[in-house]
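One-letter residues, chain by chain:
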Amino acid sequence: MEIIITDIEHIGDAARQFVDAIGDHRVFAFYGSMGAGKTTFIKAICEQLGVEDVITSPTFAIVNEYTLNTQHSTLNTQQIFHFDFYRIKRLEEVYDMGYEDYFYSGSLCFIEWPELIEELLPDDAVRVTITEQPDGSRTVSMG
């Protein structure tokens, strides 16, 4: 599946398409270069799901937890875990944080910089690639 984000003003429409495609999947690994828009897109997805918390990049915290407003969600979970593994130097750091408790919790997990922990991703993790196009639009590929 491909979603086109023509510009920042239309990111909500793209996020709605993404939410409609979530289905039973819970772990999403977001790939893309620095500045491709991973955090911005995840923020838009969370907003579409009804998150009312302040949504920021978990670059320094490694993981942020957001609570879903269940009246806005048809998902069978009330939590979203948003990871940013950019600063991970050793896999032991991920083991120490108890990644399994998050990845196998049944909650939504959105992971930035998953290439640094690739071997720990669940087999059913959905790979999401965000690519910046020459015209400034973004292509979001899921598969």
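**Quick look at unusual backbone geometry**
Next up, step 1: A positive phi angle, close to 60°, is found at Trp113, a residue other than glycine.
Next up, step 2: Structurally, Trp113 can be placed in the loop between strand E5 (108–112) and strand E6 (126–132).

**Some details on the packing of aromatic side chains**
Next up, step 1: In the structure shown here, the tally under the stated rule is 13 aromatic pairs.
Next up, step 2: Look at Phe81 and Tyr102: their rings are 4.8 Å apart centre to centre, the planes differ by 75°, and that puts the pair in the edge-to-face class. Placement of the pair is Phe81 in strand E4 (residues 79–84) and Tyr102 in helix H4 (residues 99–103), with a sequence separation of 21 residues.
Next up, step 3: The exposure class assigned to Phe81 is buried, which follows from its relative accessible area of 7%.
Next up, step 4: Their ring planes at 55° and their centres at 5.0 Å tell us that Tyr86 and Trp113 sit as a pair that is tilted.

**Considering the side chain of Asp84**
Next up, step 1: Structurally, Asp84 can be placed in strand E4.
Next up, step 2: One buried charged residue, Asp84, forms no salt bridge at all, with the nearest opposite charge on Arg87 at 7.1 Å.
Next up, step 3: Side-chain polar atoms of Asp84 contact the backbone nitrogen of Tyr86, separated by 2.9 Å.

**Focus on the packing of helix H1 (residues 11–21) against helix H2 (residues 38–48)**
Next up, step 1: For the pair H1 and H2, interaxial distance at closest approach is 8 Å and the crossing angle is 70°. Relative to H2, the element H1 lies roughly perpendicular. In the packing of H1 onto H2, the handedness of the crossing is right-handed. From H1, Ile11, Gly12, Ala14, Ala15, Arg16, Phe18 and Val19 reach across to H2, where they touch Thr40, Phe41, Ala44, Ile45 and Gln48.

**With respect to the sheet that holds strand E7 (residues 138–142)**
Next up, step 1: What the seven strands build is an open sheet, ordered E1-E7-E6-E2-E5-E4-E3; its pairing is mixed. Edge positions in the open sheet fall to strand E1 (2–5) and strand E3 (63–67), since each of these has one partner strand only. The average angle at which neighbouring strand axes cross in this sheet is 20°, direction not considered.
Next up, step 2: As paired strands, strand E2 (residues 27–31) and E5 are joined by four bridges and run parallel to one another. Across the sheet, the residue bridging to Phe30 is Glu112, located in E5.
Next up, step 3: Along the sheet face, H1 touches E1, E2, E5, E6 and E7 and points at about 165° away from the line of E1.
Next up, step 4: The sheet strands contacting H2 are E1, E2, E3, E4, E5, E6 and E7, and the helix crosses E5 at an angle near 165°.

**Focus on the nonpolar core**
Next up, step 1: The biggest cluster of nonpolar side chains holds 29 residues, and the ones touching the most others in it are Phe18, Phe28, Phe30, Phe41, Ile80 and Phe110.
Next up, step 2: When residues of this core are traced back to their parent elements, those giving at least two are E1, H1, E2, H2, E5, E6 and E7.
Next up, step 3: In terms of residues, this core owes the most to one element, H2, which gives five residues.
Next up, step 4: Excluding residues that lie within four positions of it along the chain, Phe28 makes contacts with Phe18, Ile22, Leu108, Cys109, Phe110, Ile111, Val126, Val128 and Met142.

**Considerations on H1**
Next up, step 1: Buried within H1 we find Ile11, Ala14, Ala15 and Phe18. The arc that holds the buried residues of H1, viewed along the axis, is 100°, so those residues lie on one side.
Next up, step 2: Considering only its buried residues, H1 is in contact with E1, E2, H2, E5, E6 and E7.

The rules behind each value
- Residues numbered from 1 in each chain as written.
- Predicted model: local features only at pLDDT ≥ 70, side-chain atom pairs only at ≥ 80, totals over all residues.
- Heavy atoms only, no water.
- Helix = DSSP H or I, 4+ residues; strand = E, 2+ residues; numbered from the N terminus.
- Phe/Tyr/Trp six-rings, centres within 6.5 Å; stacked < 30°, edge-to-face > 60°.
- Buried < 20%, exposed > 50% of the residue type's maximum accessible area, 1.4 Å probe, protein only.
- Lys, Arg positive; Asp, Glu negative; His and termini not counted.
- Salt bridge = Lys/Arg side-chain N within 4 Å of Asp/Glu carboxyl O.
- Polar contact = N/O pair within 3.5 Å; in protein donor to acceptor, adjacent residues only side chain to side chain.
- Axes fitted to C-alpha atoms, helices over the stretch in contact; angles between N-to-C directions.
- Parallel < 35°, antiparallel > 145°, perpendicular 65-115°, else oblique.
- Left-handed = near helix turned anticlockwise from the far one by under 90°.
- Contact = heavy atoms within 4.5 Å.
- Pairing = 2+ DSSP bridges.
- Core = buried A, V, L, I, M, F, W, Y, C linked by side-chain atoms within 4.5 Å.
- Arc of directions from axis to C-beta.

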